[in-house]
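One letter stands for each residue in the lines below.
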Amino acid sequence: MNNIERQYQQLLGDILENGVDKKDRTGTGTLSVFGRQIRHKMSEGFPLLTTKKMAWKVMVAELLWFLRGDTNIKFLLDYDCHIWDGDAYKNYTNKFLGYEDVPSKEEFIKQIKTDAEFAKKWGELGPIYGKQWRKWEYQYGDEYSGGHHLPTLKKQIDQIQNLINELKSNPDSRRLMVSAWNVGELDQMVLPPCHYGFQVYTREENGQRYISLMWNQRSVDTFLGLPFNIASYGLLLEIIAKEVNMVPDELIGNLGDVHLYKNHIEQAKEQMYRRPYDLPKVQITERNWYQHELVKEHLGEKTFSEKIMSYRPDCFELVGYQSHEKIKAPLSN
């Protein structure tokens, strides 16, 4: 049985039955419940929902973007991923407040794609997920010593690489965590992290290590966002497991404000009553993890970061994915 999908459908029903009316920053309005959890055994298949067709490569492109430490939408646009277009455009149009001549969103996106300098400036979303995962900044150094003021220095922490290193050297650690909630930089982000942190856990059984991942999410767009979040963290678990030679075990989501936008209610009702198909499998293309033995002997193994930088969305193949047709719904920014 496709258990993760049944849980998702039950969550939709829970919101429709028990949700309270809440206002939100977009002005759309939501039905909301608080504090829910979903759990999935990766041995039952890859958790990509089947009751509506999912934009697989769009989701993969966003996860790779995070893992690269990137915060500019240019990479996403190169792979036809438009999840963050609205946030970037909203940030851009703020400079036109009080003017009548505001460029259209289509013109903005076209210029990001074709003008490197424009993309560098206006494609940036601030220190969001990728920055915090791979380049968390902190200040260090004495501010005053020996009668002299010393300069405050900045240092970066690569949380993902640290996680990989710790999993290889100390897999029973209870500190296997990554956070995107940097309170000192929230006001510089176009949008504070919705899924703000994750923790991994390993166990040994019959000489083999199994690895689980639990993510925490403060705000959950249940119809459009949550299916992406489930699949994205499922794929992150697969990638990490492969790097540290462990078996993907359990995927867990702790969900805070779990809501349906008012303009998603009819779509949610439609999806609730669709019968799920069996879950697919995911195959990571081996050429991105493989080096010819002579090359490997000369250059050594690729680092995790080198592997991530070599990935493209088509390196991740869905095997046996069958789904119902898409259900369209507007994205609220």
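Preceding this paragraph is the structure being described.
Because the structure is a prediction, the values reported are computed rather than measured.

### A look at the overall build of the protein
Part 1 of the argument: Within the protein, the regular secondary structure consists of 12 helices and 12 strands.
Part 2 of the argument: Relative to the compact-globule value of 20 Å for 333 residues, the protein shows a C-alpha radius of gyration of 21 Å, a close match.
Part 3 of the argument: The burial tally for the protein puts 50% of its 333 residues in the buried class.
Part 4 of the argument: Taking all contacts inside the protein whose residues are at least 6 apart in sequence as the whole, residues at least 24 apart take part in 72%.
Part 5 of the argument: Counting every atom, the protein has about 17400 Å² of accessible surface; 48% of that belongs to carbon and sulfur.

### Observations concerning the pairing of strand E10 (residues 247-261)
Part 1 of the argument: When you tally the buried positions in E10, you get 12 out of 15 residues, the bulk of the element.
Part 2 of the argument: Judged from the 11 bridges that link them, strand E2 (residues 30-41) and E10 form a sheet pairing that is antiparallel. For Arg39, the partnering residue across the bridge sits in E10 and is Ile252.
Part 3 of the argument: Across 10 bridges, strand E9 (residues 208-221) lies against E10 in parallel orientation.

### Quick word on helix H10 (residues 265-272)
Part 1 of the argument: Burial in H10 covers these residues: Ile265, Gln267, Ala268, Gln271 and Met272. Viewed end-on, H10 has its buried residues packed into an arc of 160 degrees, placing them on one side of the element.
Part 2 of the argument: Elements that come into contact with the buried residues of H10 comprise helix H1 (3-18), E2 and E10.

### Quick look at the sheet that holds E2
Part 1 of the argument: Taken in spatial order, the six strands line up as E1-E2-E10-E9-E8-E7 in an open sheet, and their pairing is mixed. The strands lining the two open edges of the sheet, one partner per strand, are strand E1 (20-22) and strand E7 (177-179). Put simply, the sheet's adjacent strands are angled 20 degrees from each other on average, direction ignored.

### Section: the side chain of Glu243
Part 1 of the argument: Relative to the assigned elements, Glu243 resides in helix H9 (residues 225-243).
Part 2 of the argument: Taking relative accessible area as the criterion, Glu243 reaches 11% and is therefore assigned buried.
Part 3 of the argument: Within polar-contact distance, the side chain of Glu243 engages the side chain of Lys168 at 3.2 Å.

### A word on H1
Part 1 of the argument: Between the first and last C-alpha of H1 there are 22 Å, a value that for 16 residues agrees with the 22 Å anticipated at 1.5 Å per step.
Part 2 of the argument: Among the residues making up H1, those that are buried are Ile4, Glu5, Gln7, Tyr8, Gln9, Leu11, Leu12, Gly13, Asp14 and Ile15.
Part 3 of the argument: Residues of H1 that are buried sit in contact with E2, H9, E10 and H10.

### Let's talk about the pattern of salt bridges
Part 1 of the argument: Evaluated as defined, the whole model comprises 18 salt bridges.
Part 2 of the argument: Asp249 is the partner of Lys41 in a salt bridge, and the nearest nitrogen-oxygen pair spans 3.3 Å. Taken together, the residues span a long stretch of sequence, with Lys41 in strand E2 and Asp249 in strand E10 at a distance of 208 residues.
Part 3 of the argument: Look at Asp249 and you get buried, because its relative accessible area is 9%.
Part 4 of the argument: Taking the shortest distance from any N to any O, the salt bridge between Glu325 and Arg274 comes out at 3.7 Å. Placement of Glu325 in the segment after strand E12 (316-319) and of Arg274 in the loop between H10 and strand E11 (281-284) is noted, with a sequence separation of 51 residues between them.
Part 5 of the argument: Judged by relative accessible area, Glu325 falls into the exposed class, the value being 57%.
Part 6 of the argument: Judged by its relative accessible area of 10%, Arg274 falls in the buried class.
Part 7 of the argument: Residues participating in the shared-partner salt-bridge network are Lys41, Arg203, Glu205 and Asp249.

Conventions used here
- Residues numbered from 1 in each chain as written.
- Predicted model: local features only at pLDDT ≥ 70, side-chain atom pairs only at ≥ 80, totals over all residues.
- Heavy atoms only, no water.
- Helix = DSSP H or I, 4+ residues; strand = E, 2+ residues; numbered from the N terminus.
- Rg over C-alpha atoms; globule rule 2.2 N^0.38 Å.
- Buried < 20%, exposed > 50% of the residue type's maximum accessible area, 1.4 Å probe, protein only.
- Contact = heavy atoms within 4.5 Å.
- Areas by Shrake-Rupley, 256 points an atom, 1.4 Å probe, with all protein chains shown as cover.
- Pairing = 2+ DSSP bridges.
- Arc of directions from axis to C-beta.
- Axes fitted to C-alpha atoms, helices over the stretch in contact; angles between N-to-C directions.
- Polar contact = N/O pair within 3.5 Å; in protein donor to acceptor, adjacent residues only side chain to side chain.
- Expected span 1.5 Å × (residues − 1).
- Salt bridge = Lys/Arg side-chain N within 4 Å of Asp/Glu carboxyl O.

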